[in-house]
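Each chain, letter by letter, is given below.
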Amino acid sequence: MGLLRRNLTRAEFYEPGKGIWRFRGLLPAFSREISLGEGNTPMIEAPALAASAGCGRLFIKNEAMNPTGSFKARGMAAAVSRLLDLGAATGVIPSAGNAGLALAAYGAAAGLAARIYIPSVTPEGVEEECLAYGADVRTIEGILPDAAGAMAEDGLAEGEFAISTFREPGRVEGKKTMAFEIEGDFDGRSPGWVIFPTGGGTGVVAIWKAYLELRELGWIRGEMPRIAAVQSEGCAPLVRAFEEGAETASPWIDPVTIASGIRVPSSRADRQVLRALRETGGTAVAVSDEEILGAVRAMARSAGIFPSPEGAATLAGLIRLVGTGRIDARDTVVIINTADWTRYRFLLGR
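Residues numbered from 1 in each chain as written. Predicted model: local features only at pLDDT ≥ 70, side-chain atom pairs only at ≥ 80, totals over all residues. Heavy atoms only, no water.

Even after reading the chapter, I still don't get helix α3 (residues 72-85), so can you show me in this structure?
An α-helical turn contains 3.6 residues, so a residue and the one three or four places further along point in the same direction. Helix length check: α3, at 14 residues, gives a terminal C-alpha distance of 20 Å against a target of 20 Å (1.5 Å per residue), a fit within 8%. Contacts from the buried residues of α3 go to β2 (57-62), β3 (90-94), α4 (98-110), β6 (160-162), α7 (170-175) and α8 (177-185). At the C-terminal side of α3, Gly87 shows a positive phi close to 80°. (Helix = DSSP H or I, 4+ residues; strand = E, 2+ residues; numbered from the N terminus. Expected span 1.5 Å × (residues − 1). Contact = heavy atoms within 4.5 Å.)

Explanation requested: the environment of Gly134 in the structure shown.
Considering the arrangement of structural elements, one finds Gly134 in the loop between α5 (126-132) and β5 (136-140). A sequence separation of 167 residues divides Gly134 from Arg301, and the C-alpha atoms of the two residues are 37 Å apart.

Looking at this structure, I do not really get the sheet that holds strand β10 (residues 332-337). What am I missing?
Hydrogen bonds between backbone groups are what pair the strands of a sheet, and the pairing can be parallel or antiparallel. Pairing is mixed in the open sheet, where 6 strands are placed in the order β1-β2-β10-β7-β8-β9. Because the sheet does not close on itself, it has two edges, and the strands there are β1 (43-45) and β9 (283-287). On average, each strand axis in the sheet is tilted by 25° relative to the strand beside it, whichever way the strands run. Inspection of the sheet shows strand β8 (residues 226-232) paired to β9 by 5 bridges, in the parallel sense. Its bridge partner lying in β9, Ala228 is registered against Thr283. (Pairing = 2+ DSSP bridges. Axes fitted to C-alpha atoms, helices over the stretch in contact; angles between N-to-C directions.)

What is the right way to look at the pairing of β9 in this model?
The side chains of a regular strand alternate, first on one face of the sheet and then on the other. Here β9 lies mainly inside the structure; 5 of its 5 residues are buried. Neither face of β9 is exposed, since Thr283, Val285 and Val287 on one face and Ala284 and Ala286 on the opposite face are all buried. (Buried < 20%, exposed > 50% of the residue type's maximum accessible area, 1.4 Å probe, protein only.)

Would you mind showing me how to read unusual backbone geometry here?
One non-glycine residue, Asn40, lies in the positive phi region at around 55°. With respect to the helices and strands, Asn40 occurs in the loop between α1 (10-13) and β1. By relative accessible area, which is 38% here, Asn40 ends up partly exposed.

Help me out: how do you make sense of the nonpolar core in this one?
Note on soluble globular proteins: their nonpolar side chains tend to be buried together. Membership of the largest hydrophobic core comes to 73 residues, with the highest contact counts inside it found for Phe13, Met76, Tyr106, Ile116 and Ile207. Ranked by residues supplied to this core, first place goes to α4 with 8 residues. Setting aside residues no more than four positions away along its own chain, Phe13 makes contact with Leu8, Arg22, Phe23, Leu26, Phe180, Leu214 and Trp219. Counting 33 residues, the second-largest nonpolar core is a separate cluster that includes Ile262, Ala295, Ala313 and Ile335. (Core = buried A, V, L, I, M, F, W, Y, C linked by side-chain atoms within 4.5 Å.)

Honestly, the pattern of salt bridges in this entry has me stumped. Any pointers?
Working definition: two side chains of opposite charge can pair if their charged atoms are close together. Following the criterion strictly, the structure yields 21 salt bridges and no others. Between Glu173 and Lys209 there is a salt bridge whose closest N-O contact spans 2.8 Å. Residue Glu173 is found in helix α7, and its partner Lys209 is found in helix α9 (residues 202-216); the two are separated by 36 residues along the sequence. On the basis of relative accessibility, which here comes to 9%, the residue Glu173 falls in the buried class. Two residues, Asp187 and Arg221, come together in a salt bridge whose shortest N-O distance is 3.2 Å. Within this pair, whereas Asp187 is found in the loop between α8 and β7 (193-197), its partner Arg221 is found in the loop between α9 and β8, the two being separated by 34 residues in sequence. What makes Asp187 partly exposed here is its relative accessible area of 35%. Arg221 sits in the partly exposed class, given a relative accessible area of 42%. Three or more residues joined by partner-sharing salt bridges are found here, namely Arg10, Asp187, Arg189 and Arg221. (Salt bridge = Lys/Arg side-chain N within 4 Å of Asp/Glu carboxyl O.)

Explain the sheet that holds β5 here, please?
In space, the 4 strands of this open sheet follow the order β5-β4-β3-β6, with parallel pairing throughout. In the strand order of this sheet, the two ends are held by β5 and β6, each with one partner. Between one strand and the next, the sheet's axes are offset by a mean angle of 20°, whatever the strand orientation. By the bridge criterion, 5 bridges tie β3 to strand β4 (residues 113-119) in an arrangement that is parallel.

Is there a simple way to explain the packing of aromatic side chains in this structure?
What describes a pair of aromatic rings is the distance from one ring centre to the other and the angle between the planes of the rings. Per the stated rule, a full pass over the model turns up 10 aromatic pairs. Taken together, the ring pairs connect Phe13, Tyr14, Phe23, Phe180 and Trp219 into an aromatic cluster. (Phe/Tyr/Trp six-rings, centres within 6.5 Å; stacked < 30°, edge-to-face > 60°.)

Would you take a moment to explain the packing of α8 against α9 for this structure?
For any two helices packed against each other, the geometry comes down to the angle between their axes and how far apart the axes lie. Direction vectors running N to C along α8 and α9 enclose 55°, while the axes themselves pass 7 Å from each other. Regarding the angle of α8 to α9, the classification is oblique. In this structure, α8 meets α9 at a crossing whose hand is right-handed. Packed against α8, whose contacting residues are Met178, Ala179, Phe180, Ile182 and Glu183, the element α9 presents Ile207, Ala210, Tyr211, Glu213 and Leu214 at the interface. Here the residues of the contact of α8 with α9 are counted per class, giving 8 nonpolar, no polar and 2 charged. (Parallel < 35°, antiparallel > 145°, perpendicular 65-115°, else oblique. Left-handed = near helix turned anticlockwise from the far one by under 90°. Nonpolar A, V, L, I, M, F, W, Y, C, P; charged D, E, K, R; others polar.)

Shown next, in the form of structure tokens:
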């Protein structure tokens, strides 16, 4: 495999420890391992939600407990560590919110400057938080591709490195630790499904990569879980491509959804995401904003978790997939709440 730095056993790999760096045996080696305490997020069983959704057992992997409130912390811990080894002075990123916050925070911890391009539709408070970490924040009229375009137009000076989705491999490496933790919680007896909200697709690719590595090492007792990607009906390029049997996804025109983290009209990793879904026997599903808001309320009232719209989309997707018979009533399912509701409170009302 070329990843193990020594003859590591499964028992050693899963020894208790703090954060994502306890999995360093299957992570790249860095001179400094930057950390703000990311990882070790809770896996919470939700029997009431399982009953109402119609699946066998349901668990919520609550990534909102990470620093800066989202799963982006895992990827940015590794990516910033990588930038330091490259001799970077500044990390530059376009972001709809959570990735920019993570870069700002981890950059501050590492002594690395951050320049963040956010679209004008970014949830309130993101700019203020990034500025608090000392980042250079530039708000661009429009949506995420407009922010990315402004970043490309400005270009990069010496010592500046782009750290956008799939531009820097450390982000995938850090995020794959979600799957390592899931397998640790299930003692290698994988759940039937892992459901993930999908915009750029880093999370899906990271989970798939982690399971391929664990399978190659013989550390999975049974079958790999099937992966389901959830998108919004107002921005579903990967769902459309999956349903059409295509190998790539064409850009979505005029994307509209309250779930800003998955309002991503195109992905550099469309091939890898679609391959991950098909090779695991998984699927892709799109849900409405109304279904997302209903799932927010259901998760809050039945499981005590107040999810982001993106995280709630996974429950909405589960309900749809059970309704179509794609997910069986006996299946064990993990849905991943990628962030909390803090920056979206204005959406819910009373």
